[in-house]
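Summary of the model geometry
In case you want the letters, here they are:
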Amino acid sequence: MASTRSRSPRFAVVASEFNREYTDALLRAVEKALAGHDLTIVRVPGAFEIPLQVQWLARSGKFAAVIALGVIWQGRTAHAAEILRAVTDALMRIGLETNVPVVHQVLAVKTGAEARARCFGKKLNRGLEAAQAALVLAKLEGK
């Protein structure tokens, strides 16, 4: 008789190497929240490189959701805003085109205190929130 137990969903994370202190903190929170699940982690140089890797993973058909992690410091030029807009638009398009949920936690921060609160925080931790969203979306898949 075949088992009726469903297989645990597989997840992928694409994390930027840039601002690694912060992305590592986000990644640790994701790993902790998704302990016991099959988790593939891919590192890319910066936020701009995240969407292409997310697309490859989403198109592979292996994952219930893909999580994108990065930290972009907003500065005195428009460059940070342009990168964030490009990443955001691409991640949304990838999710819509592949029907694989993409959890966007490429953060835009202005100060070190803001980055620490969102990446290392106990009350507000965007890595934990990303993992929780991925779990919910995996359960919704196919309904």
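Up top is the structure these notes are about.
Let me begin by describing the structure that accompanies this report. (Residues numbered from 1 in each chain as written. Predicted model: local features only at pLDDT ≥ 70, side-chain atom pairs only at ≥ 80, totals over all residues. Heavy atoms only, no water.)

1. Here's the deal with the environment of Asp89
Just so we agree on the cut-off: The secondary structure listing takes helices from DSSP runs of H or I that are at least 4 residues long and strands from runs of E that are at least 2 residues long, numbered from the N terminus. With a 1.4 Å probe rolled over the protein chains alone, any residue whose accessible area is under 20% of its type maximum counts as buried; one over 50% counts as exposed, and the rest are partly exposed.
One can find Asp89 in helix α3 (residues 79-98). Residue classification places Asp89 among the partly exposed positions, given a relative accessible area of 42%. Between the alpha carbons of Asp89 and Pro51 there is a distance of 9.3 Å; along the sequence they are 38 residues apart.

2. Description of the packing of aromatic side chains
This is how it is decided: Planes of paired rings set the category: under 30 degrees apart is stacked, over 60 is edge-to-face and the rest tilted, where pairs are Phe, Tyr or Trp rings (Trp by its six-membered ring) whose centres lie within 6.5 Å.
Tallying each qualifying case throughout the model produces 2 aromatic pairs. Centre to centre, the rings of Tyr22 and Trp73 are 5.8 Å apart; their planes meet at 70 degrees, and the pair counts as edge-to-face. Residue Tyr22 is found in helix α1 (residues 20-33), and its partner Trp73 is found in strand β3 (residues 65-73); the two are separated by 51 residues along the sequence. We classify Tyr22 as buried; its relative accessible area is 10%. Take Trp73: its relative accessible area is 30%, and that puts it in the partly exposed class. Taking the centre distance of 6.0 Å and the plane angle of 70 degrees together, the rings of Tyr22 and Phe120 count as edge-to-face.

3. Quick word on the pairing of β3
Heads up, the rule is: When DSSP finds at least two bridges between two strands, those strands are taken to pair.
Where burial is concerned, most of β3 is hidden: 8 out of the 9 residues are buried. Where strand β1 (residues 10-16) meets β3, 5 bridges bridge the pair, whose relative direction is parallel. Note on β3: the bridge partner recorded for Ala15 is Leu69.

4. Regarding unusual backbone geometry
Even without a glycine there, the phi angle at Asn19 is positive, about 60 degrees. The topology assignment puts Asn19 in the loop between β1 and α1. Look at Asn99: it is not a glycine, yet its phi comes out positive at around 60 degrees. Tracing the backbone through its elements, the reader meets Asn99 in the loop between α3 and β4 (102-109).

5. Observations regarding the packing of α1 against helix α5 (residues 126-140)
For any two helices packed against each other, the geometry comes down to the angle between their axes and how far apart the axes lie. Short version of the rule: Only C-alpha atoms enter the line fits that serve as axes; for helices the fit covers just the stretch in contact. Angles between N-to-C directions range over 0 to 180 degrees. The scheme is simple: roughly parallel for angles under 35 degrees, roughly antiparallel for over 145, roughly perpendicular for 65 to 115, oblique for anything else. For any pair of crossing helices, the crossing counts as left-handed if the nearer helix is rotated counterclockwise from the farther one by less than a right angle, and right-handed if it is rotated clockwise. Whether two residues touch is decided by their heavy atoms; if any such pair falls within 4.5 Å, the residues are in contact.
Running from N to C, α1 and α5 cross one another at 40 degrees; their axes reach a closest spacing of 7 Å. When the interaxial angle is binned, α1 and α5 end up oblique. At the point where α1 passes α5, the crossing takes the right-handed sense. Between α1, through Leu26, Ala29, Val30 and Ala33, and α5, the contact on the second element is made entirely by Arg126, Gly127, Leu128, Ala131 and Leu135.

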